[in-house]
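Each chain is listed here by its residues.
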Amino acid sequence: GAGVSQSPRYKVAKRGQDVALRCDPISGHVSLFWYQQALGQGPEFLTYFQNEAQLDKSGLPSDRFFAERPEGSVSTLKIQRTQQEDSAVYLCASGPKSSYNEQFFGPGTRLTVL
Amino acid sequence: AQTVTQSQPEMSVQEAETVTLSCTYDTSENNYYLFWYKQPPSRQMILVIRQEAYKQQNATENRFSVNFQKAAKSFSLKISDSQLGDTAMYFCAFMKHEDYGGATNKLIFGTGTLLAVQP
């Protein structure tokens, strides 16, 4: 079946602009994660959803970052008033309820803030 | 807090040879999972191998195997018969084992090892 998809794959924003990044998880997956991967680094956890409930947002770096998953499927990560330090690849991962330790990753969205 | 350390930023191996990537971690937890993920240049992260901490037997997946030393908090990845398609960034990752319904089960990653397989 189809894997996790993310759009857009690349996004260039001017400093101060708002951006929205989309994640389509694998159909039926309960868990959805967002990670931020800075250049040359490993991914870092941002936030976690179980169905439509955002159970953990401890990794969001500031109140400019907001994530939602209103119907328990597609998720959107929104960054307001983007800053240069927000430049990174944003990875989405989903996981089936049957196995809490499995996460399947999307290709990521590379955000560049000028 | 848990940390994962990969001390080899880059490694190189000849095709068909064997290479070992190192990973150490720090945790006070007793139940957890350890993973090796592969991230090719296309950037799609792919699971290579997984180890449950309560299992003493080292996990193997075809040409990939791990050496899990729980007391030493070490989790190395051995790739046998290296192939050109193994060229990628490899990440070691830790996940705390929590099986209650609202558990986050987030992955904590190391900084990665860039492996280049030479023809």
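Structure's up top.
Residues numbered from 1 in each chain as written. Chains lettered and ligands numbered in written order. Predicted model: local features only at pLDDT ≥ 70, side-chain atom pairs only at ≥ 80, totals over all residues. Heavy atoms only, no water.

## As for the overall build of chain B
Counting its secondary structure elements, chain B contains zero helices and twelve strands. Beginning at the N terminus, the succession of helices and strands in chain B can be written as β-β-β-β-β-β-β-β-β-β-β-β. For a compact globule of 119 residues, the expected C-alpha radius of gyration is about 14 Å, and chain B comes in at 14 Å, within 12% of that figure. C-alpha atoms of chain B, sized along the principal axes, occupy 45 × 30 × 25 Å. Counting only residues that meet the buried cut, chain B has 45% of its 119 residues in that class. Residue pairs in contact within chain B that sit at least 24 positions apart in sequence constitute 57% of those at least 6 positions apart. About 5900 Å² of surface is accessible on chain B, with carbon and sulfur atoms providing 45% of the total. Once the 10 positive and 11 negative side-chain charges of chain B are each reduced to a mean point, those two points are 5 Å apart. (Helix = DSSP H or I, 4+ residues; strand = E, 2+ residues; numbered from the N terminus. Rg over C-alpha atoms; globule rule 2.2 N^0.38 Å. Buried < 20%, exposed > 50% of the residue type's maximum accessible area, 1.4 Å probe, protein only. Contact = heavy atoms within 4.5 Å. Areas by Shrake-Rupley, 256 points an atom, 1.4 Å probe, with all protein chains shown as cover. Lys, Arg positive; Asp, Glu negative; His and termini not counted. Charge placed at Lys NZ, Arg CZ, Asp CG, Glu CD.)

## So, the packing of aromatic side chains
Any two aromatic rings considered together are summarised by their centre-to-centre distance and by the angle between their planes. Counting across every chain of the model gives 17 aromatic pairs over all chains. Note on F68 of chain B and F75 of chain B: the rings are 6.3 Å apart at their centroids and 80° apart in plane angle, and the pair reads as edge-to-face. Among the residues examined, F75 of chain B registers a relative accessible area of 0% and is labelled buried. Of the aromatic side chains, those joined through ring pairs into one cluster are F33, Y35, F45, Y48 and F105 of chain A together with Y33, F35, Y37, F91 and F109 of chain B. (Phe/Tyr/Trp six-rings, centres within 6.5 Å; stacked < 30°, edge-to-face > 60°.)

## Here's the deal with the state of the cysteines
A complete count under the given rule lists two disulfides over all chains for this structure. Here C23 of chain A is linked by a disulfide to C92 of chain A, with a sulfur-sulfur distance of 1.9 Å. Measuring handedness by torsion sign, the sulfur bridge of C23 of chain A and C92 of chain A sits at about -65° and is left-handed. Here C23 of chain A, found in strand β3 (residues 19–24), pairs with C92 of chain A, found in strand β9 (residues 88–95); they are 69 residues apart in sequence, far enough to count as distant. For the residue pair C23 of chain A and C92 of chain A, the accessibility class agrees, reading buried in each case. The disulfide partner of C23 of chain B is C92 of chain B, and the gap between their sulfur atoms is 2.0 Å. The chirality of the disulfide connecting C23 of chain B with C92 of chain B is left-handed, given an S-S dihedral of about -70°. With C23 of chain B in the loop between β3 (19–21) and β4 (24–26) and C92 of chain B in strand β10 (residues 88–96), this residue pair connects regions lying 69 residues apart in the sequence. Per residue, the accessibility class of C23 of chain B equals that of C92 of chain B, and both read buried. (Disulfide = S-S within 2.5 Å.)

## Some words on the environment of G110 of chain B
Residue and element names in this part refer to chain B. Inspection of the secondary structure puts G110 in the loop between β11 (108–109) and β12 (113–118). Take G110: its relative accessible area is 2%, and that puts it in the buried class. For the pair G110 and F94, spaced 16 residues apart in sequence, the C-alpha to C-alpha distance is 8.6 Å.

## Considering the sheet that holds β3 of chain A
Residue and element names in this part refer to chain A. Strand order across the open sheet formed by four strands is β1-β3-β8-β7, with antiparallel pairing between neighbours. At either end of the open sheet lies a strand with only one pairing partner, and these are β1 (5–7) and β7 (65–68). Neighbour to neighbour, the strand axes of the sheet diverge by 15° on average, direction disregarded. In terms of strand pairing, β7 meets strand β8 (residues 75–79) through four bridges, oriented antiparallel. By the bridge assignment, F65 is partnered in β8 with I79. (Pairing = 2+ DSSP bridges. Axes fitted to C-alpha atoms, helices over the stretch in contact; angles between N-to-C directions.)

## Re the interface of chain B and chain A
Each partner contributes residues to the interface: chain B has 21 residues there, and chain A has 25 residues. Summed over both sides, the interface between chain B and chain A buries roughly 1900 Å², with carbon and sulfur atoms accounting for 49% of that surface. Joining chain B to chain A, the criterion identifies zero salt bridges. Viewed at the interface, chain A and chain B are joined by five residue pairs in polar contact (both at pLDDT 80 or more). Among the elements of the structure, β5 (32–39) and β10 of chain B are those that each provide at least two residues to the side of chain B that touches chain A. Residue contributions to the side of chain B that touches chain A peak at four residues, all from β5 of chain B. When grouped by side-chain class, the residues that make up the side of chain B that touches chain A number nine nonpolar, nine polar and three charged. (Buried area = accessible area lost by both parts, 1.4 Å probe. Salt bridge = Lys/Arg side-chain N within 4 Å of Asp/Glu carboxyl O. Polar contact = N/O pair within 3.5 Å; in protein donor to acceptor, adjacent residues only side chain to side chain. Nonpolar A, V, L, I, M, F, W, Y, C, P; charged D, E, K, R; others polar.)

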